[in-house]
Amino acid sequence: MSFLDELEPLKQSALADLQTAPDLAALDHAKGQWLGAQGRFTALMKQLGALPKEEKPLAGKALNAAKIDLEAALAARRVDLELKAALPKEPTDFTLPGRRRVLGKLHPLTQVTEDIVRSFRKIGFVVADGPEIEDEYHCFDALNTPADHPARDMQDTFYVNLGQASSLSSISKPEKPEAGATPALLLRTHTSSVQIRVMAKQQPPVRIIVPGRVYRRDNADATHNPTFHQIEGLYVDKGVTVGDLKGTVEFVFRELMGSDVKIRFRPHYFSYTEPSYEIDFTNALVKKMGKDWLEIAGCGMVNPTVFETVGYDPEVWTGWAFGFGIERIAMLRYGINDIRLFYENDLRFLRQF
Ligand code: DAH
């Protein structure tokens, strides 16, 4: 039998061995048997030297081609077997239902805030932002709040003593700095401070809303919490009226709470507005609680003194502002009777929204 006649059947059985090896160990064994130092295919290569000179080129070529085929078959089978080894041992049932991921949700306060913001955006308001650690100037002075106003009292306001900020006890027992000393820092008691920050930076017209967190030294009970949330609104332009204010508040509350909403303005006092009002609100929900009206916000026409402070000419510009508590609205909307539920992160509560 000639060399070439011998090569072809040998190659076929080598290929068959390699291609059907049932696992990686069997494959390595087959590789040794054929291509190893003592392998049958290797032995054939060794015979090449003994061939007559004129047969060598053809035989060498055929032998090389066969070797390439065997090595390719070996590599392909190895990939297959490695993949198979990596698969789970149990058969996969592709008809099983997929695993559902548990989707998170927005906190009810965030949902209400976003709804309010969406309503105001429809009528041209943009969202503005300011720091929660404020100074007395933006929180009180520039808002025309007198130095002896009780809101500034340690009973109502958290003061921040940055000089000892590394010690936690300095935050729970701060000293209220002397008047005239370096500006006292505090946790803002309302979002009204952002009115000042925006007007100081921007010329009128201004049309902003400011959702944000505020802080007061209240003991937590069903209707109070030391941190809560407000939305401030400020509109400055020429010829702005209380009618605009009432219409705007009514529009937003009807969007938020339904078309049966009624709004009422009651005279009140805020240092940064003149005249000032408290906004009362009613709808079927309020009636169901056995009440006629619910106090929901403070508002008024921006006090000319405030305009002077920020450098707006009060003879040219008019404006209104309001601030309301988000928790109150959310409690009413969802029938929640204890404000503390918002902050406890109890999933049984949060999953309901
Ligand atoms: N800052 C007031 C509060 O926290 C709410 C408020 C009243 C905001 C009147 C205003 C306003 O902008 O004009 O109770």
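This text follows the structure it describes.
Here's what I pulled together on the structure shown here. (Residues numbered from 1 in each chain as written. Predicted model: local features only at pLDDT ≥ 70, side-chain atom pairs only at ≥ 80, totals over all residues. Heavy atoms only, no water.)

Here the focus is the site of the ligand. Around the ligand sit 15 residues, and of these His 190, Arg 216, Gln 230, Glu 232 and Tyr 272 come closest. Take Tyr 272: an N or O atom from its side chain is 2.8 Å from a nitrogen atom of the ligand. Contact with the protein chains covers 90% of the free accessible surface of the ligand, which is 350 Å². One can see that the ligand is located within the largest pocket. Classifying every residue of the shell around the ligand by side-chain character gives 5 nonpolar, 8 polar and 2 charged. (Near = heavy atom within 4 Å. Polar contact = N/O pair within 3.5 Å; in protein donor to acceptor, adjacent residues only side chain to side chain. Areas by Shrake-Rupley, 256 points an atom, 1.4 Å probe, with all protein chains shown as cover. 1 Å grid on protein atoms, 1.4 Å probe; cavity = no way out; pocket = protein on both sides within 12 Å on 5 of 7 lines; lining within 4 Å. Sits in = over half its atoms within 2 Å of the grid points. Nonpolar A, V, L, I, M, F, W, Y, C, P; charged D, E, K, R; others polar.)

Now for the environment of Leu 341. Relative to the elements of secondary structure, Leu 341 occurs in the loop between α12 (326-334) and α13 (347-350). Residues Leu 341 and Met 331, spaced 10 residues apart in sequence, show a C-alpha to C-alpha distance of 9.9 Å. Every residue in contact with Leu 341, bar those within four places of it in the chain, is listed here: Ile 336 and Phe 349. (Helix = DSSP H or I, 4+ residues; strand = E, 2+ residues; numbered from the N terminus. Contact = heavy atoms within 4.5 Å.)

With that settled, consider the packing of aromatic side chains. Under the counting rule described, the total for this entry stands at 16 aromatic pairs. A centroid spacing of 6.3 Å and a plane angle of 65° characterise the contact between Phe 342 and Tyr 343, whose relative ring orientation is edge-to-face. Taking the relative accessible area as the measure of exposure, Tyr 343 reaches 26% and is therefore partly exposed. Aromatic ring contacts, followed pair by pair, group Phe 120, Phe 125, Tyr 235, Phe 253, Phe 281, Trp 320, Phe 322 and Phe 324 into a single cluster. (Phe/Tyr/Trp six-rings, centres within 6.5 Å; stacked < 30°, edge-to-face > 60°. Buried < 20%, exposed > 50% of the residue type's maximum accessible area, 1.4 Å probe, protein only.)

Space inside the largest pocket adds up to approximately 1,400 Å³. Looking at the lining of the largest pocket, the elements that each hand over two or more residues are β6 (227-237), β7 (262-270), β8 (273-282), α10 (284-288), β9 (294-302), β10 (318-325) and α12. When residues in the lining of the largest pocket are grouped by element, the largest group, 7 residues, is from β9. Of the residues contributing to the lining of the largest pocket, the split by class is 19 nonpolar, 20 polar and 10 charged. (Points joined across faces, edges and corners; volume = space filled by probe spheres on them.)

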